[in-house]
Amino acid sequence: MPANYQAEIVGVFGQPVAENPTGIMQEAGFVAAGLNWRYLNFEVPPENLGAAMRAMDALGMRGVNLTIPHKVAVISHLDDLSPEARAIGAVNTVRVIDGKKIGENTDGKGFLRGVRIDAGVNPAGKRVVLLGAGGAARAIGTELVLAGAADLLVVNRSLVRGRVMVADLRTATGGPVRFAPWRGTYAVPEWCDVFVNATSIGLFPDVEAMPDVNFAAASNKMLVADAVFNPPETRLLATAKARGLATLDGLSMLVYQGVIAFEMWTGKSPDERAMKSALREALGVA
Ligand code: NDP
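Residues numbered from 1 in each chain as written. Predicted model: local features only at pLDDT ≥ 70, side-chain atom pairs only at ≥ 80, totals over all residues. Heavy atoms only, no water.

1. Considerations on the side chain of N92
Alright, step 1. Within the fold, N92 resides in the loop between α3 (83–88) and β5 (93–97).
Alright, step 2. Not counting residues within four places of it along the chain, the set of residues in contact with N92 comprises V64, N65, L66, K71, E104, N105, T106, D107 and Q257. (Helix = DSSP H or I, 4+ residues; strand = E, 2+ residues; numbered from the N terminus. Contact = heavy atoms within 4.5 Å.)

Have a look at this one:
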């Protein structure tokens, strides 16, 4: 067989990107699959996003991830959006099909896969409380409703942000989405099957912080999930575990959003364990 030294290129466009560990995980997946692919972190300031997206064509890149601050701005540089990315209103993954750049969002899908596989919970028919109304909350909330959640109560500090998100999700999915303002301690209700923290509270370096919530009235069968992945065991999850509740950490969502992007780009199923252990090693987690 003739030698082929030409690698396929994917990567992430964002600012900052130096500490973004996704590439470590993706490259571990490429090696395990025997693929000559590379994942590079590109520092792209907002004024260069258009040029960076055009560079994808010039360099024949197979796809990119988008991170802060480009997840919404990138939409005007794309040829089309998946229905889920359109509903969420943000793109974290671009794939190239027949020369066209298609915007996808794998964050919520990654979360759902973690709920199903790692926590063993089917979201259909479940009643959910979702803390937060930022990008992660939009992705998680949209996918939960599309997966058949019976009730999605969005609880957020900012009234405007929370209400806008709920209105957008209702319009996009036609699903059962409600809003409650977050004032003081939020007492998690007994009817809640799945409780999700999609705020940034507890994220490194503020590891002692935890959302002001109280699990006293919660059902013993409730699952508590955190989008924060650094540290993987947030104070929220430690508190839930001490109360005897099942938990799902943010590493699960992070790994699966990458697994789904890998599948979209390469058309192959990656070695998920290789990706996960590379990520855990990069983050210094045992
Ligand atoms: P955004 O900045 O878009 O949203 C942040 C949300 O957190 C808002 O709802 C904000 O409320 C709320 N919030 C922040 N601080 C406080 C506080 N002190 N009290 C009450 N509410 C607060 O962030 P993202 O949605 O992009 O990210 C949220 C988290 O999800 C981050 O920790 C991020 O690392 C994580 N994430 C994890 C992923 C994974 O794969 N595991 C993927 C993507 C994100 P308000 O509207 O009132 O300001």
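2. Focus: the domain arrangement of the protein chain
Alright, step 1. As assigned here, the protein chain comprises domain 1 (8–105 + 252–282) and domain 2 (108–248).
Alright, step 2. Relative placement of domain 1 and domain 2: their C-alpha centres are 25 Å apart.
Alright, step 3. Facing the 14 residues of domain 1 at the interface are 18 residues of domain 2.
Alright, step 4. Across the domain 1/domain 2 interface, buried area totals approximately 1500 Å², and carbon plus sulfur atoms make up 64% of it.
Alright, step 5. It is I88, M253 and Y256 in domain 1 that bury the most area against domain 2; as a group they hold 41% of the surface buried on that side.
Alright, step 6. At the junction of domain 1 with domain 2, the criterion picks out four salt bridges. (Domains from an automatic or database assignment. Buried area = accessible area lost by both parts, 1.4 Å probe. Salt bridge = Lys/Arg side-chain N within 4 Å of Asp/Glu carboxyl O.)

3. Examining the pairing of strand β2 (residues 37–43)
Alright, step 1. Alignment of strand β1 (residues 8–14) against β2, held across seven bridges, turns out to be parallel. When the sheet's bridge partners are listed, V10 is paired in β2 with Y39.
Alright, step 2. For the handedness criterion, the β-α-β arrangement of β1, helix α1 (residues 22–32) and β2 is classed as right-handed. (Pairing = 2+ DSSP bridges. Right-handed = clockwise from strand over helix to strand, strands pointing away.)

4. What about the environment of G29?
Alright, step 1. Turning to its location among the elements, G29 is positioned in helix α1.
Alright, step 2. In this structure, the C-alpha to C-alpha distance between G29 and G258, residues 229 residues apart in sequence, is 9.6 Å.
Alright, step 3. In contact with G29, other than residues within four places in its own chain, are F262 and M275.

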